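Residues per chain are reported as follows:
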Protein chains: 2
Amino acid sequence: MAEGPTINTIARHAGVSIASVSRVLNGLPTREETVRRVLRAAEELGYVPNSVARSLKSRRTNQVAFAMADIGNPVYLAMVREIQPVLRAAGYRLLLHSTDADVADELDVLRGLGERYVDGLIMSPLRVTEGHLRALAAARAPVVVIGSVPEGAGVDNVRADSRTGVRLALDHLYGLGRRRVAFVNGPADTVPGAARAAAYREALEALGLPYDEDLVEVGDFYREDGARAVQALLDRAGDVDALMCANDLIALGALDVLRRAGRRVPEDVAVVGMDDTDLAAVAWPSLTSVSLGSARRGRAAAELLLDRLENGEREPRVVTVEPRLAVRASTVGVREAEERDEALRTGRAPRTGRAQRTEEAVQAAEAPAGEVAGDAGEGLR
Amino acid sequence: MAEGPTINTIARHAGVSIASVSRVLNGLPTREETVRRVLRAAEELGYVPNSVARSLKSRRTNQVAFAMADIGNPVYLAMVREIQPVLRAAGYRLLLHSTDADVADELDVLRGLGERYVDGLIMSPLRVTEGHLRALAAARAPVVVIGSVPEGAGVDNVRADSRTGVRLALDHLYGLGRRRVAFVNGPADTVPGAARAAAYREALEALGLPYDEDLVEVGDFYREDGARAVQALLDRAGDVDALMCANDLIALGALDVLRRAGRRVPEDVAVVGMDDTDLAAVAWPSLTSVSLGSARRGRAAAELLLDRLENGEREPRVVTVEPRLAVRASTVGVREAEERDEALRTGRAPRTGRAQRTEEAVQAAEAPAGEVAGDAGEGLR
DNA sequence: ATCCCATCCGTAAACGTTTACAGAGCCAGT
DNA sequence: ACTGGCTCTGTAAACGTTTACGGATGGGAT
């Protein structure tokens with residue numbers, strides 16, 4: 001671990017000043033001969049520029065941080081997977097913070113921006129408190145928040161559209177003839193929890209279905225909690241014919257419980273998850289799930305941040321990502337799910353009238369206010 | 001984004017020198033009065049120390065990088081999940097590199113250590129080339145490699161034990177009466193690919209089973225490739241009664257193909273995956289899988305690196321993590337898998353003699369040379 | 001020969017810290 | 001009153017870059 005050569009070492013070796021070395025290495029106009037000597041010395045010594053020193057002078061670190069609750073959650077994972085290549089292509093390194101959704105931790109990260117170890121931050125808090133808003137306002141570097149933040153918070157914001165998402169799912173279930181659609185939610189004091197609860201009520205109303213408290217159960221966003229919640233639901237309201245779950249993990253828990261209870265999915269109870277994680281496709285029966293576009297949200301956030309880093313001041317933007325419904329066996333049955341799969345693979349439309357009908361539900365509804373991000377494939381603007 | 005206060009600003013405000021400010025902030029002995037003035041000024045101005053400047057002076061960045069092929073692969077994810085908290089507890093930030101298993105990229109990362117933007121690196125290359133060894137030898141910061149690297153490479157090394165792992169799986173299958181056990185591998189020029197191929201031959205031999213080329217198929221470590229490979233296998237050797245897959249993704253592909261071919265799992269064909277990722281538990285039927293201890297390897301790597309960062313020079317160490325077999329429905333059937341689950345939950349041993357027998361296979365075999373890491377729970381030494 | 005301008009390069013300052021060193025002030029001991 | 005030693009603080013250098021500025025050199029125009 002010998003001390004590496006610096007610009008000084010090279011200057012001495014090449015018999016020039018450090019200024020010349022710097023100029024050559026940065027491609028500024030220099031006499032041919034000097035260029036040769038410097039490059040030669042740099043090559044011989046295996047010189048690598050010290051990024052810390054460079055950062056100190058340039059006030060840029062070429063690093064960006066992503067702070068999320070838990071890297072183990074497939075939703076955040078999907079985000080990281082998109083964020084990483086976007087940043088990388090722009091020459092930024094990615095730094096990861098796992099905060100366990102701990103508010104104090106998240107605030108620490110925001111304050112930590114003062115240390116200037118990153119040029120910007122993408123953050124996806126589960127809860128947004130007063131403290132968050134204050135810290136965001138005082139942040140010493142650009143921040144993009146994934147997850148709704150009040151207007152006027154002064155930060156770029158990428159939003160999912162739970163409202164439309166839940167609506168898609170309930171329309172789909174309604175179309176399949178389900179009328180007792182229960183809702184298994186995560187904590188009501190989280191951003192997604194609150195949004196999805198409201199969305200559920202709204203969607204019921206739009207469909208002319210009554211809101212029945214007995215059909216709503218709250219746990220946490222994990223498989224075990226989901227299982228417990230669903231068990232409670234079944235005990236209380238045995239006649240449910242569909243479960244809308246606030247994320248895929250809860251839905252997996254639901255599948256466990258239903259299987260154990262001898263209820264067939266989807267014949268007796270249809271199940272819809274949310275987030276459309278990798279797990280949904282692997283589960284059995286494969287899980288119909290509302291995609292809230294985690295990947296697209298990640299990409300949009302990265303692009304917003306890059307834009308801000310390059311173009312400096314400008315009005316904060318809000319980008320909303322359209323949800324989609326990924327229809328699989330847990331609502332339409334194994335047979336049709338396979339047909340759909342096949343159709344997707346071969347690029348043809350599914351055959352049956354029933355498939356046709358539910359296909360309509362895949363159409364995303366009106367976009368809400370704000371910009372709307374397009375396909376994952378296309379860029380931001 | 002106003003320019004933040006520096007140590008100079010504080011010095012002026014408090015009417016002292018920058019040296020005093022630094023001393024106070026670092027807790028060096030100082031007169032009471034000065035301490036008060038400095039702290040007051042720092043508080044008022046909302047001072048946050050600049051970590052870049054600090055790094056330049058101290059030659060430490062308090063950052064560590066983890067370079068892996070693809071953050072989307074659950075194996076690496078499991079590692080990150082363990083690495084992150086360990087590093088964090090020691091005050092290090094985690095930086096992520098996704099190299100797509102591209103050799104040039106990996107070498108770039110190693111060379112990049114000369115930029116001194118991190119204090120150390122954990123790297124998990126899929127292939128280890130001559131170039132890797134050279135770059136490792138020349139690395140300007142401590143590196144821990146996850147994945148076998150030749151003795152004498154001079155780096156700390158955390159290894160899986162594929163040999164024992166495959167052996168556990170084949171013993172298990174043999175115990176269930178399977179005799180035509182096929183092997184679906186990933187590319188032979190990767191470290192795990194090569195290790196697992198050798199392990200398969202060895203395990204067969206130990207069981208007195210013949211090695212049949214027709215029973216071996218090579219694809220890539222992904223679901224689609226696995227499916228293709230298994231299809232080819234079935235076309236060629238319809239009488240296989242078990243599939244040993246070189247990772248879980250391949251095994252998932254195998255489940256797809258078998259289902260489509262109308263082969264029951266495990267009645268007609270038993271399937272074993274490898275890595276015991278989250279997907280294995282979710283799949284249907286749930287997937288028996290050899291855990292190579294991704295989580296434990298991640299943790300061990302982080303601890304090795306920390307140890308080296310704190311204690312400086314010392315002989316490179318090799319840590320080998322013991323494999324285990326997670327027995328699930330894809331080999332023993334849904335019924336028994338559920339019983340095992342239940343037993344695990346209630347902490348009692350499973351009932352049936354058959355369960356008893358396969359339980360023995362769960363015992364890890366002799367540990368190979370080198371240190372052996374214990375449970376995920378316990379520390380390194 | 002003189003002057004001007006262009007080109008190239010070196011000196012030095014700056015980025016924000018930490019820290020070696022020495023000076024200032026003070027008290028106690030003679 | 002002087003000295004020695006202690007405590008506290010300020011000055012300055014250093015970490016490895018980038019860059020403003022001005023000096024040196026040389027060539028062409030007068």
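In this text the structure is predicted, and so the values were computed from the model without any measurement. (Residues numbered from 1 in each chain as written. Chains lettered and ligands numbered in written order. Predicted model: local features only at pLDDT ≥ 70, side-chain atom pairs only at ≥ 80, totals over all residues. Heavy atoms only, no water.)

### Structural notes on the pattern of salt bridges
This is how the line gets drawn: Basic side-chain nitrogens of Lys or Arg form a salt bridge, by our definition, when they fall within 4 Å of a carboxyl oxygen of Asp or Glu. Note on conventions: DSSP H or I runs of at least 4 residues are helices, E runs of at least 2 residues are strands, and numbering of each starts at the N terminus. Each residue's exposure class comes from its accessible area (1.4 Å probe, protein chains only) as a fraction of the maximum for that residue type: buried when under 20%, exposed when over 50%, partly exposed otherwise.
The tally for this structure, following the rule as stated, stands at 58 salt bridges over all chains. Glu-303 of chain A serves as the salt-bridge partner of Arg-299 of chain A, at 3.3 Å between the closest nitrogen and oxygen. Here Glu-303 of chain A and Arg-299 of chain A lie together in helix H13 (residues 294–311), a separation of 4 residues that amounts to about one turn. Of the residues examined, Glu-303 of chain A reaches a relative accessible area of 15% and is grouped as buried. The partner of Arg-37 of chain B in a salt bridge is Glu-33 of chain B, with the nearest N and O atoms 3.3 Å apart. Of the two residues, Arg-37 of chain B and Glu-33 of chain B both sit in helix H3 (residues 32–45), 4 residues apart, roughly one turn of that helix. A single salt-bridge network, built from bridges that share partners, covers Asp-156, Asp-307, Arg-308, Arg-314 and Arg-317 of chain A.

### Re the relation of the copies chain B and chain A
Applied cut-off: Superposition of the copies used a least-squares fit over C-alpha atoms from residues whose pLDDT is at least 70 in both. Residues count as neighbours in contact if any of their non-hydrogen atoms are within 4.5 Å of one another.
Superposing chain B onto chain A requires a rotation of 180° together with a translation of 0.0 Å along the rotation axis, leaving an RMSD of 0.1 Å. Viewed as a symmetry operation, the transformation between the two copies matches a two-fold axis. Considering only C-alpha atoms, the part of chain B nearest the rotation axis is Leu-95 of chain B, at 2.1 Å. Looking at chain B, 100% of its interface residues are interface residues in chain A too, so the copies touch through the same face.

### Brief notes about helix H10 (residues 223–236) of chain B
Basically, it comes down to this: Helix span, expected: 1.5 Å multiplied by one less than the number of residues in the helix.
With 14 residues, H10 of chain B should cover 20 Å at 1.5 Å per step; its first-to-last C-alpha distance of 20 Å lies within 8% of that length. Those residues of H10 of chain B that are buried lie in contact with strand S6 (181–185), strand S7 (216–218), strand S8 (242–245) and helix H11 (248–260) of chain B.

### Notes on the protein's contact with DNA strand C
Spelled out, the test is: Residues are classed as near a molecule or strand on a simple rule: at least one heavy atom within 4 Å of it. Counting of polar contacts relies on pairs of N or O atoms within 3.5 Å, with two restrictions inside protein: one atom must be capable of donating a hydrogen and the other of accepting it, and residues adjacent in sequence are counted only when both atoms are side-chain atoms. Here the nonpolar group is Ala, Val, Leu, Ile, Met, Phe, Trp, Tyr, Cys and Pro; Asp, Glu, Lys and Arg are the charged ones; every other residue, Gly included, is treated as polar.
As a matter of local geometry, DNA strand C sits amid 25 residues, with Ser-20 and Thr-34 of chain A together with Ile-7, Ser-22 and Arg-54 of chain B nearest to it. Taken together, the sugar and phosphate atoms account for 62% of what DNA strand C places within 4 Å of the protein. Interatomic distance of 2.9 Å between a side-chain N/O atom of Arg-23 of chain A and a base nitrogen of DNA strand C. Sorting the residues of the surface near DNA strand C by element identifies helix H2 (18–25) and helix H4 (51–58) of chain A together with helix H1 (7–14), helix H2 (18–25) and helix H4 (51–58) of chain B as the ones contributing at least two each. Partitioning the surface near DNA strand C into residue classes produces 10 nonpolar, 9 polar and 6 charged.

### Observations concerning the domain arrangement of chain A
One frequent convention defines the size of an interface as the accessible area lost when the parts assemble. All names here are of chain A. Our working definition: Boundaries of every domain are those given by an automatic assignment or by a domain database. Buried area is a sum: the accessible area each of two parts loses on coming together, probed at 1.4 Å, counted once for each and added.
Along its sequence, chain A is carved into domain 1 (7–49), domain 2 (61–160 + 295–321) and domain 3 (162–291 + 324–363). On the side of domain 3, 12 residues touch domain 2, which itself brings 10 residues to the contact. Both sides of the domain 2 and domain 3 interface together cover about 970 Å² of buried area, and 53% of this is carbon and sulfur. On the domain 2 side of the contact with domain 3, Leu-126, Arg-127 and Arg-296 bury the most area, a combined 45% of that side's loss. Applying the counting rule to domain 2 against domain 3 returns 2 salt bridges.

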